[in-house]
Amino acid sequence: PPAADYNSPTFAASVRPVAPPIDTRFHMIDPQSVPGTTHSITTQEFNKEPECLYRCFRAGPPLVCTILNDILTLGCHCKRSAEIVKFAFQNLASASEKALLKEQFSENVMSQGAVVNFIVWRRSVLLMLFLASLGAFIFCLIGDAWTTIGHMKDMQQFSTWNVSYSEWKR
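Per chain, residues are indexed from 1 in the order of the written sequence. Where totals are concerned, whole chains, interfaces and linings use all residues; where local detail is concerned, this predicted model gives features only for residues with pLDDT of at least 70, and gives and counts side-chain atom pairs only at 80 or more. Calculation of side-chain values draws on the structure's entire complement of heavy atoms; hydrogens and water are dropped beforehand.

Novice: What should I look at first to understand the overall build of the protein in this one?
Specialist: By the criteria applied, helices consist of DSSP H or I runs no shorter than four residues and strands consist of E runs no shorter than two, each listed in order from the N terminus. Helices and strands together make up the secondary structure of the protein, namely eight helices and zero strands. A simple rule labels every residue: compare its accessible area, found with a 1.4 Å probe on the protein chains alone, to the largest value its type can have, and call it buried under 20%, exposed over 50%, or partly exposed in between. Across the 170 residues of the protein, 21% fall into the buried class. Throughout, a residue-residue contact means that at least one pair of heavy atoms, one from each residue, lies within 4.5 Å. Look at the contacts in the protein between residues 6 or more apart in sequence, and 64% of them connect residues 24 or more apart. Total accessible area computed for the protein in this model is approximately 13100 Å², and 67% of it derives from carbon and sulfur atoms. Surface accessibility in these figures is a Shrake-Rupley result with a 1.4 Å probe; residues are shielded only by whichever protein chains are displayed.

Novice: Please explain the packing of aromatic side chains as it appears in this structure.
Specialist: The description of two aromatic rings rests on the distance between their centres and on the angle between their planes. Aromatic pairs are defined between Phe, Tyr and Trp rings, using the six-membered ring for Trp, whenever the two ring centres lie within 6.5 Å; interplanar angles under 30 degrees are classed as stacked, those over 60 as edge-to-face, and all others as tilted. One pass over the structure, following the stated rule, counts one aromatic pair. Taking the centre distance of 5.7 Å and the plane angle of 35° together, the rings of Phe-118 and Trp-121 count as tilted. Of this pair, Phe-118 and Trp-121 both sit in helix H7 (residues 113-158), three residues apart, roughly one helical turn.

Novice: Could you clarify how one ought to interpret the pattern of salt bridges in this entry?
Specialist: Here the idea is simple: oppositely charged side chains can pair when their charged atoms come close. Put simply, a salt bridge is a Lys or Arg side-chain nitrogen that is within 4 Å of an Asp or Glu carboxyl oxygen. In the structure shown here, the tally under the stated rule is four salt bridges. Here Arg-123 makes a salt bridge to Glu-97, at a shortest N to O gap of 2.6 Å. Here the residue Arg-123 occupies a position in helix H7, and Glu-97 occupies one in helix H5 (residues 95-104), the gap between them amounting to 26 residues. Among the charged side chains, a network of salt bridges with common partners joins Asp-70, Arg-80, Glu-97 and Arg-123.

See the structure below:
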């Protein structure tokens, strides 16, 4: 048999992998129009009011009111930060949070309930992380000061060199 010519176009065509034809029937279906799809369930649930605990969140100007509301609703933020599995099944965003996000993002983003839920969930998680970090910093300062004072008292108590100025002068 003749030697194979690896540079010939016929050899290259014979070893080139052939991709199966793409089935385009499913690319023309809009997921929002198909009942029972995940996207339609998410859109339907996202348009409902959130749980009672999540309706109280406030976002937007004035910033002072938002910060005060966040302080008053720390328990609700703590609960929402634990709701990681409910992104696609429930609405986690309050009306004012949705209104603020509509100013920042396009309608394409706002129509995806799981994305909006992730953004507001992330806000609650960041608040909890900030508070945990602040608490750790404060406890560190208090603990260091308390430990230092304790060590100074121990050093003073165990010191054997008690000399007053009058004794030292002699």
